[in-house]
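# Per-entry structural report
Read off the chains here:
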Amino acid sequence: MSEVKKIATRDSYGKELIELAKVNDKVVVLDADLAAATRTGWFKKEFPDRHIDCGIAECNMMGIAAGLATTGKIPFVSTFAMFATGRAFEQVRNSIGYPHLNVKIGGTHAGITVGEDGASHQCNEDLALMRTIPGMVVMCPADDIEARACVRAAAEHVGPVYIRFGRAACPVVNDRPDYKFELGKGTLLREGTDVSIIATGIGVGSALEAAEKLAADGISAEVVNICTIKPIDRELVVATAKKTGKVVTVEEHSVIGGLGSAVCDVLSEECPTVVKKIGMQDKFGESGSAAALVKKYGLDGDGVYASVKEFLK
Amino acid sequence: MTNKELQKIANEVRKGIVTAVHAAGAGHPGGSLSAADIFTYLYFEEMNIDPKDPAKPDRDRFVLSKGHTAPGLYSVMAQRGYFPVEELTTLRKLGSRLQGHPSMQYLQGIDMSSGSLGQGISVACGMALSAKLDNKDYRTYTLLGDGEIEEGQVWEAAMFAGFRKLDNLVVIVDNNGLQIDGPVTEVCSPYPIDKKFEAFNFHVINVDAHDFDALRAAFKEARETKGQPTAIIAHSLKGKGVSFMEGQVSWHGVAPNDEQYAQAMEDLNKIGEALA
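Throughout what follows, the structure given in this document is the object of discussion.

Each value, and the rule that gives it
- Residues numbered from 1 in each chain as written.
- Chains lettered and ligands numbered in written order.
- Predicted model: local features only at pLDDT ≥ 70, side-chain atom pairs only at ≥ 80, totals over all residues.
- Helix = DSSP H or I, 4+ residues; strand = E, 2+ residues; numbered from the N terminus.
- Rg over C-alpha atoms; globule rule 2.2 N^0.38 Å.
- Buried ≥ 20, exposed ≤ 12 C-beta atoms within 10 Å, placed from the backbone.
- Contact = placed C-beta atoms within 7 Å.
- Pairing = 2+ DSSP bridges.
- Right-handed = clockwise from strand over helix to strand, strands pointing away.
- Nonpolar A, V, L, I, M, F, W, Y, C, P; charged D, E, K, R; others polar.
- Axes fitted to C-alpha atoms, helices over the stretch in contact; angles between N-to-C directions.
- Parallel < 35°, antiparallel > 145°, perpendicular 65-115°, else oblique.
- Left-handed = near helix turned anticlockwise from the far one by under 90°.
- Expected span 1.5 Å × (residues − 1).
- Arc of directions from axis to C-beta.

### So, the overall build of chain B
- When its secondary structure is counted, chain B shows 10 helices and 7 strands.
- In terms of overall size, chain B behaves like a compact globule, its C-alpha atoms giving a radius of gyration of 17 Å where 276 residues would be expected to give roughly 19 Å.
- Each of the three principal axes of chain B carries a C-alpha extent, and together these read 50 × 45 × 35 Å.
- Burial analysis of chain B (276 residues in total) assigns 53% to the buried set.
- Considering only contacts in chain B between residues 6 or more positions apart, those separated by 24 or more positions represent 76%.

Here it is, written out as structure tokens:
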């Protein structure tokens with residue numbers, strides 16, 4: 001994995017919105033004074049009349065998106081994950097989720113890879129919060145290719161969707177001819193027999209790296225990418241757990257309520273399995289470079305490798 | 001419609017409110033009654049709507065931002081023919097289309113689900129913005145409570161509407177002066193309401209909420225106002241029409257018992273007879 005291409009998924013978001021708007025005239029983009037950071041500024045350049053800057057008022061922005069959706073528009077609401085899902089949670093729940101409106105929420109700068117801005121902006125709770133809203137689709141793409149596919153799938157899906165994007169460049173892991181994205185379906189990226197590593201977002205790249213290292217130790221790790229956290233691919237989660245009998249989850253998110261919890265929800269009902277959850281261990285992040293933070297909190301390839309080894313002891 | 005015709009309908013709307021809340025054993029009669037004339041004017045005179053075709057794309061939109069006064073909305077919709085008046089007694093009951101707060105998922109003709117205060121005005125802004133984006137001429141109306149405007153989101157929305165010059169948007173504040181914890185002047189005063197909206201670049205009209213001539217003039221003025229959204233500050237009496245509820249904080253969110261219900265209907269029947 002020496003010369004792996006790296007692209008931040010927020011870039012993928014900004015670029016794919018432009019492609020989408022070219023073929024779908026219902027698509028409009030809302031932003032809350034973060035167009036440069038969320039990359040919706042690129043969209044604004046191409047489609048100035050279809051980009052609505054709502055100013056620093058995320059709660060109002062969610063309501064405006066809801067209103068636009070009632071008239072047939074497909075609004076993509078863009079801001080940092082922290083504000084989209086945290087500050088405006090109740091607006092998302094009551095003005096978008098409850099009436100099941102066709103609003104797409106792009107939460108960028110999710111997780112600790114926001115980096116230097118520190119814990120106030122590092123949202124490790126977005127997946128948990130969005131999962132609790134009935135009818136909300138929750139997606140966490142692993143790379144550029146998947147992020148773009150998520151944007152397209154969100155536009156096709158009728159109903160509210162949350163998509164999580166990152167600030168930092170991350171390795172492209174889905175660059176293969178047979179890649180096909182299907183909402184609600186996970187992907188088996190590497191077959192194995194000793195342990196299953198189920199990952200999402202940037203955790204997928206780390207899981208693949210860890211699997212490589214584990215192989216050198218004679219441990220056969222299966223790697224599953226779960227992009228759609230909700231509705232989760234129950235079949236695939238159960239199948240891999242049955243196969244290996246040991247499950248590790250990896251996410252750049254709190255271990256409370258995110259992918260790890262979603263996997264446990266499935267397994268506790270259908271295939272009780274011991275699960276080791278790698279993620280933010282009920283802690284706030286801190287300032288630092290994305291790479292330094294990922295390393296410190298054990299979410300890089302080495303960290304996942306070490307945790308899996310410990311788990312298998 | 002003549003003022004007398006509107007007054008008669010408004011009186012029927014008030015009977016529906018009291019009947020529904022009594023049957024439910026819970027609900028919000030005070031703010032429903034204070035807004036009954038506004039509901040009536042909007043649904044019978046002002047808005048371009050068709051109860052037979054509640055989803056027609058070019059209809060005017062209404063968002064009840066003060067969603068707890070759903071009994072008022074339901075009652076006027078029933079009078080207007082969206083559903084049978086008899087259904088009002090299913091309010092808040094299991095299986096009813098008449099949820100405790102309006103839900104567009106349950107009842108056709110509701111343009112937006114609401115109930116959590118401060119959110120409806122934002123949604124109304126989105127509807128009005130959509131009309132602007134598509135060069136459509138439908139108008140959007142939203143009704144807020146005077147307590148509700150203590151919510152910060154209301155002013156986020158007001159800033160947006162003023163900045164975007166949404167002259168196809170009318171914000172009506174039902175200024176009955178009372179909220180759950182007491183008079184608005186004692187809880188966290190929103191006054192001066194008119195000057196606040198003016199500061200947010202609204203065209204502002206103060207009006208007597210129970211005077212149909214005044215309402216007629218205000219909505220006409222709003223229609224003629226270009227380049228600015230309009231805020232109609234409707235000075236109203238909470239509990240209007242029911243003697244023992246008028247001006248009483250305690251009737252914000254309480255249902256009348258059987259005896260009180262009989263008294264309320266007697267009050268409203270007398271008003272109806274005087275109009276006959």
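Past the structure itself, the notes keep going.
### Digging into the pairing of strand 6 (residues 203–208) of chain B
Residue and element names in this part refer to chain B.
- As defined by bridge partners, strand 6 adjoins strand 7 (residues 230–235) across 6 bridges and the pair is classed as parallel. Bridge pairing in strand 7 links Asn-206 to Ile-233.
- Running through helix 9 (residues 212–224), the crossover from strand 6 to the neighbouring parallel element strand 7 is right-handed.

### Details of the interface of chain A and chain B
- At the interface, 21 residues of chain A touch 19 residues of chain B.
- Elements represented by at least two residues in the side of chain A that touches chain B include exactly helix 4 (58–70) and helix 6 (89–97) of chain A.
- Looking at the side of chain A that touches chain B residue by residue, the class counts come to 10 nonpolar, 9 polar and 2 charged.

### Description of the environment of B:Ala262
Residues and elements named next belong to chain B.
- Counting through the fold element by element, Ala-262 comes out in helix 10 (residues 258–275).
- Since 12 C-beta atoms lie within 10 Å of it, Ala-262 is described here as exposed.
- Along the chain, Ala-262 and His-28 lie 234 residues apart, while their C-alpha atoms are 18 Å from each other.

### Examining the pairing of strand 5 (residues 104–108) of chain A
Residues and elements named next belong to chain A.
- Burial runs high along strand 5: 5 of the 5 residues are buried.
- Across the two faces of strand 5 the burial is the same, with Lys-104, Gly-106 and Thr-108 and Ile-105 and Gly-107 all buried.
- Bridge count for strand 4 (residues 74–80) against strand 5 is 5 bridges, and the pairing is parallel. Counted as the bridge partner of Thr-79 is Gly-107 from strand 5.
- Here 4 bridges tie strand 5 to strand 7 (residues 161–164), and the two strands are oriented parallel to one another. For Ile-105, the partnering residue across the bridge sits in strand 7 and is Tyr-162.

### Focus: the packing of helix 1 (residues 3–24) of chain B against helix 3 (residues 36–46) of chain B
All names here are of chain B.
- Interaxial distance between helix 1 and helix 3 falls to 9 Å at its minimum, and their mutual angle equals 120°. When the interaxial angle is binned, helix 1 and helix 3 end up oblique. You can see that helix 1 and helix 3 cross each other, and the crossing is right-handed. Packed against helix 1, whose contacting residues are Leu-6, Ile-9, Ala-10, Val-13, Arg-14 and Ile-17, the element helix 3 presents Ala-36, Asp-37, Phe-39, Thr-40, Tyr-41, Phe-44 and Glu-45 at the interface.
- By residue class, the composition of the contact of helix 1 with helix 3 is 9 nonpolar, 1 polar and 3 charged.

### Details of helix 13 (residues 301–312) of chain A
All names here are of chain A.
- Look at helix 13: 16 Å from first C-alpha to last across 12 residues, which is about the 16 Å you get at 1.5 Å a residue.
- Considered for burial, the residues of helix 13 that qualify are Gly-301, Val-304, Tyr-305 and Val-308. Burial along helix 13 is one-sided: seen end-on, the buried residues are contained in an arc of 100°.

### Some points on the packing of helix 10 (residues 234–244) of chain A against helix 11 (residues 259–270) of chain A
Residue and element names in this part refer to chain A.
- Close contact between helix 10 and helix 11 brings their axes to 10 Å; oriented N to C, the two are set at 65°. Taken as axis vectors, helix 10 and helix 11 run roughly perpendicular relative to one another. For the crossing formed where helix 10 meets helix 11, the hand is right-handed. In contact with Arg-234, Val-237, Val-238 and Ala-241 of helix 10, helix 11 contributes Val-263, Val-266, Leu-267 and Glu-270.
- Each residue belonging to the contact of helix 10 with helix 11 can be placed in one class, and the counts come to 6 nonpolar, no polar and 2 charged.

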